Amino acid sequence: MKILTNFNLSIVCCGILLFASCAKEKGYNTVPPEKSAWHKATTESTVGVSENFDSGTKGSYATGGVTLSSGSWTFTDALLGNLSNDVKNGTQAARVRNSGKLTMNFDNPNGAGTVTVQHAKFGSDGNSTWQLWYSTNGGSNYTQTGSTITTSANTLQAATFTVNVAGNIRFEIRKTDGASSRIDFDDFIINNYGTTDTTGTGTGKGKKFLFDATKAETAGNADWVIDEDNSIPQRFPTPAQSGITASTAETYWTGAISSWGIALVKTGNTVETLPSGTALTYGNTSNPQDLANYDVFVVDEPNILFTAAEKTAILNFVSHGGGLFMISDHTMSDRNNDGYDSPAIWNDLMTNNSVQNNPFGFSIDLTNISEITTNVLTNSSSNPILNGSQGSVSKLEFNNGATITINPATNASVQGLIWQGGYAQGNTHLMSASSTFGSGRIYVVTDSSPMDDGTGAPGNNLYVSWPLYSHAALFMNASLWLAKLQ
């Protein structure tokens, strides 16, 4: 990390300051249904599967198959309802009770970008909860997408899940509360992977990356955002990312990590910022920037502690399949002078939460190192982060960063990637690592300098590091791995 605080200045020599390149500095939305919009969607080529449950006959809750217009489904504790109390568009809806399920017995070969399902309470029944699950191996195994939805309205509401999975895929709707209350489901739509614009920005053909700006990422001389207008990061960077082409320059946006954001868009993904003052949630249907709507959450050197609710949101996002890109800085790098720096903040997330102690299998050391290392994991030719689609990683430069200690005993998936020069490739002296938690993935690097592209808000001291050595390849490979694109 580039910038030194006043406290650091008293303990770090001027020579380090002269040569430091550390600037001092990835679901669902519930919306009111619009039948005309649904009819429009079902006529577009982006739709892979559209099922309105108006064909077929199934009048009992007994488990059985039913042939619908989209193909064969299995209804478990479910039927096709056409009563006046059934809430429906058309003549029928799929009515589910207890712990019932609606299961596709066929695949959509074109994957899924988003899935939209209409849902409502049957008659005067109480609230119910349900989940959407998908399988990519013909129904042998299923993975939940998004989080649990509560059905509380007597009119159809649309739940849209961002899936972004290529290849053969099928889905299962599961009622999860086990109660006798009933849910009506209608207008089930799968939009093919790679054809869905989920952001309204004209792109949206890949995965969705959310860059945090709620934790003082622009405090002091820091500038860890993809774009800012008048030094204030906004949700959507400007100019619009739909205008980015293969030749677009990094200066298209203003931010010290704008090169990273533009590179993600050039590889077919979309990016957003979570602005200061915006809620950090997971599973909140009223929050349009809920983490469930994204594939990867990027937090570059946080300088404000995460609240208990925010920690739970982040850990649940990862455990349900999200990717978390964690960037720290060196010890005593408190940009906003609130008593907490990024190593302490990340360690607090991992050790002081209501989900699981040390969930990722590593901790960030209270250290401060500067060096160029080539001590990259040996025999790493098959590692997608070190040898992925964006190139091979051979060298990493830290300018005042921390180190990492891994503990495979607490999480066997934790993997060291890059170490300080001269040290054995063991559990200490790491500069970069990866891990998994639940069905999600984590990548951590402990200096904010390497992704700095040298440009940002006026008056900030920034340094060019993104294009040096194999920095861009490392962070782009890590990004795509977190998004499950490699």
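Conventions and cut-offs
- Residues numbered from 1 in each chain as written.
- Predicted model: local features only at pLDDT ≥ 70, side-chain atom pairs only at ≥ 80, totals over all residues.
- Heavy atoms only, no water.
- Phe/Tyr/Trp six-rings, centres within 6.5 Å; stacked < 30°, edge-to-face > 60°.
- Helix = DSSP H or I, 4+ residues; strand = E, 2+ residues; numbered from the N terminus.
- Buried < 20%, exposed > 50% of the residue type's maximum accessible area, 1.4 Å probe, protein only.
- Lys NZ or Arg CZ within 6 Å of the ring centre and 35° of its normal.
- Pairing = 2+ DSSP bridges.
- Salt bridge = Lys/Arg side-chain N within 4 Å of Asp/Glu carboxyl O.
- Axes fitted to C-alpha atoms, helices over the stretch in contact; angles between N-to-C directions.
- Parallel < 35°, antiparallel > 145°, perpendicular 65-115°, else oblique.
- Left-handed = near helix turned anticlockwise from the far one by under 90°.
- Contact = heavy atoms within 4.5 Å.
- Nonpolar A, V, L, I, M, F, W, Y, C, P; charged D, E, K, R; others polar.
- Expected span 1.5 Å × (residues − 1).

This part takes up the packing of aromatic side chains. Applying the stated criterion across every chain, the model contains 19 aromatic pairs. With a centroid separation of 5.3 Å and an interplanar angle of 85°, the aromatic rings of Phe211 and Trp260 are classed as edge-to-face. Of the two residues, Phe211 sits in strand S12 (residues 208-212) while Trp260 sits in helix H4 (residues 258-266), which places them 49 residues apart along the sequence. Assigned by exposure class, Phe211 and Trp260 land together as buried. Ring plane angle 25° and centroid distance 6.4 Å describe the contact between Trp466 and Phe475, whose orientation is recorded as stacked. Taken together, the ring pairs in this structure connect Phe53, Trp73, Phe106, Tyr134, Phe171 and Phe188 into an aromatic cluster. Taking NZ or CZ as reference, Arg97 lies 3.9 Å from the ring centre of Tyr61, over its face.

Counting buried positions over the 6 residues of strand S21 (residues 396-401) gives 6, a clear majority of the element. Sheet topology places strand S17 (residues 369-373) next to S21; 5 bridges connect them, and they run antiparallel. Residue pairing for S21: Glu371 is matched across the bridge by Phe398.

On to the pattern of salt bridges, then. Tallied over the entire structure, the rule returns 11 salt bridges. The shortest N-O distance in the salt bridge between Lys215 and Glu310 comes to 2.7 Å. You can see Lys215 sitting in the loop between S12 and H4 and its partner Glu310 sitting in helix H5 (residues 308-319), a full 95 residues away along the chain. Overall, Lys215 belongs to the buried group, its relative accessible area being 5%. A relative accessible area of 12% means that Glu310 is categorised as buried. A salt bridge links Arg235 to Glu272, with the shortest nitrogen-to-oxygen separation between them at 2.9 Å. In this pair, Arg235 is assigned in the loop between S12 and H4 and Glu272 in strand S13 (residues 270-274), connecting sequence segments 37 residues apart. Judged by relative accessible area, which is 2%, Glu272 ranks as buried.

Where H4 meets helix H7 (residues 471-482), the closest approach of the two axes is 11 Å, and the angle between their N-to-C directions is 50°. The pairing of H4 with H7 is recorded here as oblique in orientation. Taken as a pair, H4 and H7 cross one another with a handedness that is right-handed. The segment H4 lies against H7, with Trp260, Ala263 and Leu264 engaging Phe475, Met476 and Ser479. When its residues are assigned to classes, the contact of H4 with H7 shows 5 nonpolar, 1 polar and no charged.

For the rest of this paragraph, the subject is the side chain of Ser181. With respect to the secondary-structure elements, Ser181 resides in the loop between strand S10 (170-175) and strand S11 (183-191). Given the relative accessible area of 10%, Ser181 is considered buried.

The periodicity of an α-helix, 3.6 residues per turn, causes residues three or four places apart in sequence to face the same way. Given a rise of 1.5 Å per residue, 12 residues ought to cover 16 Å, and the 17 Å separating the end C-alpha atoms of H5 matches this to within 8%. Every buried residue belonging to H5 is among Glu310, Lys311, Ala313, Ile314, Leu315, Phe317 and Val318, and all of these are buried. In the core, the buried residues of H5 are packed alongside strand S14 (296-300), strand S15 (323-327), helix H6 (342-351), strand S24 (430-437) and strand S25 (440-445). Backbone geometry just after H5 places Gly321 at a positive phi near 115°.

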